[in-house]
Amino acid sequence: MTTTAPHTDLGKTPGPTAPLRPRRGPGALFRALPLTPAVVLLLLFLAGPIAYCVYIAFTDLQLTGQAQDSFVGFENFTRAFGDEAFLNAVWLTLVFTVLSSLIGQNTLGLALAALMRRASKPVRTLTGGIVVTAWVLPEVVAGFLLYAFFRREGTLNAILDWLHLPSQNWLFTLPILAVSFANVWRGTAFSMLVYSAALNEIPKEITEAAEVDGAGGWRRMWHITLPMIRRSIGTNLMLNTLQTLSVFGLIWVMTRGGPGGKSQTLPLFMYEQAFQNSLIGYGTAVALLLLLVGSLFSLVYLRLLRTEV
């Protein structure tokens, strides 16, 4: 009686084995239970209102004189781009953002951080206290202080008269510059704190070696300091830009968007249309467009940060 050996494929290489997948049993469900209240709250108080606002932007909802709203599609958005007041608000929003955030807060914050790094401790304490105090003031209080500074009978004109220099009604002749200066005065502290932390992370050996090689202050700033803190610069620009785009109370207290819409940024235009003209649907559409502008700025900054080596 003969027996046959079992057939084996010794000459063949074994095929790839299937990757092991973690078993998802009841334990994974129990681990997710603690997140359930947070998810419910986000859906209820964040995602829900946002979805409702998106719906309102496509309707003709009004506060008064209307029994019920109706769906109008993109009519509110096309109306906005054909409205000269809206286009003026877009332009002034960009001017306000560039002057007070990209140039003002960013540049002044970096300069203060660099100067305070070399200053004595009493000077650092005094300067930091003054700048941070302006930042922690409520927006309405800061707006009133700057209104008192720029008004016709205010502090700035009193100083100019004392110096025998010509004075003017700054809130009437140059309102967008006045509110931009106010936003710089109030918001520079954030940039100063961000850049102070970033500059403290630069090794002293690098700057000392550059000094030994004969590099001056500007060369060290341009070739060493700025490249080493570029990620902090990008993050600070993104956060400052988003905050500046939504500034409302400061401008409302100082000028209320006037005179003649010369300082009316998108948040003030949105408020005027929604609550003064009772056009909730149109005002909400403007709010979504403002959200789109902020998203575009964020995408640009994130793109720049991601492409850095």
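## Brief notes about the overall build of the chain
Item 1. Looking only at helices and strands, one finds 15 helices and zero strands in the chain.
Item 2. Among the 309 residues that make up the chain, the fraction classed as buried is 34%.
Item 3. For the chain, the share of sequence-separated contacts (at least 6 apart) that also reach a separation of at least 24 residues comes to 71%.
Item 4. Element-wise, carbon and sulfur atoms account for 68% of the exposed surface of the chain, whose accessible area totals about 19,800 Å².

## Details of the nonpolar core
Item 1. Judged by nonpolar contacts, the single largest core of 19 residues is most densely connected at F96, F150, I176, V179, L250, I251 and M254.
Item 2. At the level of secondary structure, the elements contributing two or more residues to this core comprise α4 (84-118), α6 (139-150), α7 (155-162), α8 (170-173), α9 (175-200) and α13 (249-254).
Item 3. With four residues, α9 is the single largest residue contributor to this core.
Item 4. Those residues within four positions of V179 in sequence are excluded, and the remaining contacts are F96, L250, I251, M254 and T255.

## Description of the packing of α4 against helix α12 (residues 230-245)
Item 1. Contact pair α4 / α12: the axes reach a minimum separation of 9 Å and the direction vectors enclose 140°. What the angle tells us is that α4 and α12 run oblique. Here the hand of the crossing between α4 and α12 comes out right-handed. Seen from α4, the contacting residues are T93, F96, T97, S100, S101, L102, Q105 and N106; seen from α12, they are I233, N236, L237, N240, T241, T244 and L245.
Item 2. Counted by class, the contact of α4 with α12 contains five nonpolar, ten polar and no charged residues.

## Details of the packing of α4 against helix α15 (residues 280-306)
Item 1. Close contact between α4 and α15 brings their axes to 13 Å; oriented N to C, the two are set at 35°. Crossing handedness for the pair α4 and α15: right-handed. Along its contact with α4, which presents F86, L94 and L102, the element α15 presents Y282, V286, L289, F297 and Y301.
Item 2. In terms of residue class, the contact of α4 with α15 is built from eight nonpolar, no polar and no charged.

## Description of the side chain of Q264
Item 1. Looking at the element boundaries, Q264 is found in the loop between α13 and α14 (266-276).
Item 2. There is a polar contact of 2.5 Å between the side chain of Q264 and the side chain of E272.
Item 3. With residues up to four places along the chain from it excluded, the contact list for Q264 reads A89, L92, G257, F269 and E272.

## Things to note about the pattern of salt bridges
Item 1. The tally for this structure, following the rule as stated, stands at one salt bridge.
Item 2. Here R151 makes a salt bridge to E153, at a shortest N to O gap of 3.5 Å.
Item 3. For R151, a relative accessible area of 30% gives the class partly exposed.
Item 4. A relative accessible area of 58% places E153 in the exposed class.

## Overview of the packing of aromatic side chains
Here the distance between the centres and the angle between the planes together describe a pair of aromatic rings.
Item 1. Here the structure, examined in full by the defined rule, presents 17 aromatic pairs.
Item 2. For the cation-ring pair, R79 lies above Y282, with the distance from its terminal atom to the ring centre recorded as 4.3 Å.
Item 3. Taking the ring centre of F172 as reference, the NZ or CZ of K262 above it sits at 5.8 Å.

How each quantity is defined
- Residues numbered from 1 in each chain as written.
- Predicted model: local features only at pLDDT ≥ 70, side-chain atom pairs only at ≥ 80, totals over all residues.
- Heavy atoms only, no water.
- Helix = DSSP H or I, 4+ residues; strand = E, 2+ residues; numbered from the N terminus.
- Buried < 20%, exposed > 50% of the residue type's maximum accessible area, 1.4 Å probe, protein only.
- Contact = heavy atoms within 4.5 Å.
- Areas by Shrake-Rupley, 256 points an atom, 1.4 Å probe, with all protein chains shown as cover.
- Core = buried A, V, L, I, M, F, W, Y, C linked by side-chain atoms within 4.5 Å.
- Axes fitted to C-alpha atoms, helices over the stretch in contact; angles between N-to-C directions.
- Parallel < 35°, antiparallel > 145°, perpendicular 65-115°, else oblique.
- Left-handed = near helix turned anticlockwise from the far one by under 90°.
- Nonpolar A, V, L, I, M, F, W, Y, C, P; charged D, E, K, R; others polar.
- Polar contact = N/O pair within 3.5 Å; in protein donor to acceptor, adjacent residues only side chain to side chain.
- Salt bridge = Lys/Arg side-chain N within 4 Å of Asp/Glu carboxyl O.
- Phe/Tyr/Trp six-rings, centres within 6.5 Å; stacked < 30°, edge-to-face > 60°.
- Lys NZ or Arg CZ within 6 Å of the ring centre and 35° of its normal.

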